[in-house]
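Spelled out, the chains give:
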Amino acid sequence: MIADSYFIKLLVRLFQANDLQHLLLVFISILSVISFMQWLINLYREVRKLPPGPWGFPVIGYLLFMGNEKHTRFMELAKKYGSLFSTRLGSQLTVVMSDYKMIRECFRREEFTGRPDTPFMQTLNGFVLLNT
């Protein structure tokens, strides 16, 4: 019924196979650009809320620049960005506090007393539960 309609036959005559391929390519390109723009806007909104900090590579984050003595690198970053800064270590977003008074004040609040939900922490929690 739908295949016999005048409108479908008209569209088939107007758009040959080559035209349909170009139309599909344009549609996919526009869809890709829109998706990329949404991703950029979401990234900008996320970064804008965070404390200042160094940028890293997309997958490995700032781990490549940390070196062997990570505590000294964190001290250098604290001097550059202040006592509160953020960075990505791998794919994990990390916020670092280096001021004793700020750390004490934060851990008095209930929101800061939890541990991050990472695969490493899940492994440790499973290990502790099995050995108790």
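Here the residue numbers are simple positions, counted from 1 along each chain's written sequence. Whole-chain, interface and lining totals are the exception, using all residues; otherwise, since this is a predicted model, local features are given only for residues with pLDDT of at least 70 and side-chain atom pairs are given and counted only at 80 or more. Hydrogens and water molecules were not included; the side-chain quantities draw on all heavy atoms of the structure.

Here's the deal with the overall build of the protein chain
Secondary structure follows DSSP: runs of H or I at least 4 residues long count as helices, runs of E at least 2 residues long count as strands, and numbering of each begins at the N terminus. Within the protein chain one finds 5 helices and 2 strands. Each helix and strand of the protein chain, ordered N terminal to C terminal, gives the series α-α-α-β-β-α-α. Buried, partly exposed and exposed residues are distinguished by accessible area as a fraction of the type maximum, computed with a 1.4 Å probe on protein chains only: under 20%, between the cut-offs, and over 50%, respectively. For the protein chain, buried positions account for 11% of its 132 residues. Contacts are assigned to residue pairs with any non-hydrogen atoms lying within 4.5 Å of each other. In the protein chain, once contacts between residues fewer than 6 apart in sequence are set aside, the share between residues at least 24 apart is 41%. The method behind every accessible area is Shrake-Rupley, applied with a 1.4 Å probe, and residues are considered shielded solely by the protein chains displayed. Carbon and sulfur atoms provide 66% of the accessible area of the protein chain, an area that totals close to 11500 Å².

Re the packing of aromatic side chains
Paired rings are identified among Phe, Tyr and Trp, the last through its six-membered ring, by centres lying within 6.5 Å, and are further divided according to the angle between planes into stacked (under 30 degrees), edge-to-face (over 60) and tilted (the rest). With the rule as written, the count across this model stands at 4 aromatic pairs. Between F74 and F85 the ring centres are 6.2 Å apart and the planes differ by 40°, which places this aromatic pair in the tilted class. One end of the pair, F74, is in helix α3 (residues 70–81); the other, F85, is in strand β1 (residues 84–89), with 11 residues separating them in the sequence. Of the residues examined, F85 reaches a relative accessible area of 0% and is grouped as buried.

Overview of the UniProt feature "transmembrane region" (unreviewed entry) in the protein chain
Residues annotated by UniProt as "transmembrane region" (unreviewed entry) correspond here to residues 20–41. Annotated as 100% helix and 0% strand, the span residues 20–41 places its first and last C-alpha atoms 32 Å apart. UniProt positions are given in the numbering used here, feature names are shortened, and annotations may be inferred rather than shown by experiment.

Quick look at the pattern of salt bridges
The salt bridge criterion pairs a side-chain nitrogen of Lys or Arg with a carboxyl oxygen of Asp or Glu, the two atoms within 4 Å. Applying the stated criterion to the full structure yields 3 salt bridges. One salt bridge in this structure joins E46 and R88, with 2.4 Å as the shortest N-O distance. Of this pair, E46 sits in helix α2 (residues 17–49) while R88 sits in strand β1, and the two are 42 residues apart along the sequence. For E46, a relative accessible area of 33% gives the class partly exposed.

Some details on the confidence of the model for the protein chain
Confidence of the predictor at the level of single residues is captured by pLDDT, which takes values from 0 to 100. Taken as a whole, the protein chain shows an average pLDDT of 80; of its residues, 79% reach a score of 70 or greater. The least confident element of the protein chain, judged by mean pLDDT, is helix α5 (residues 119–131) at 60; the most confident is α3 at 89.

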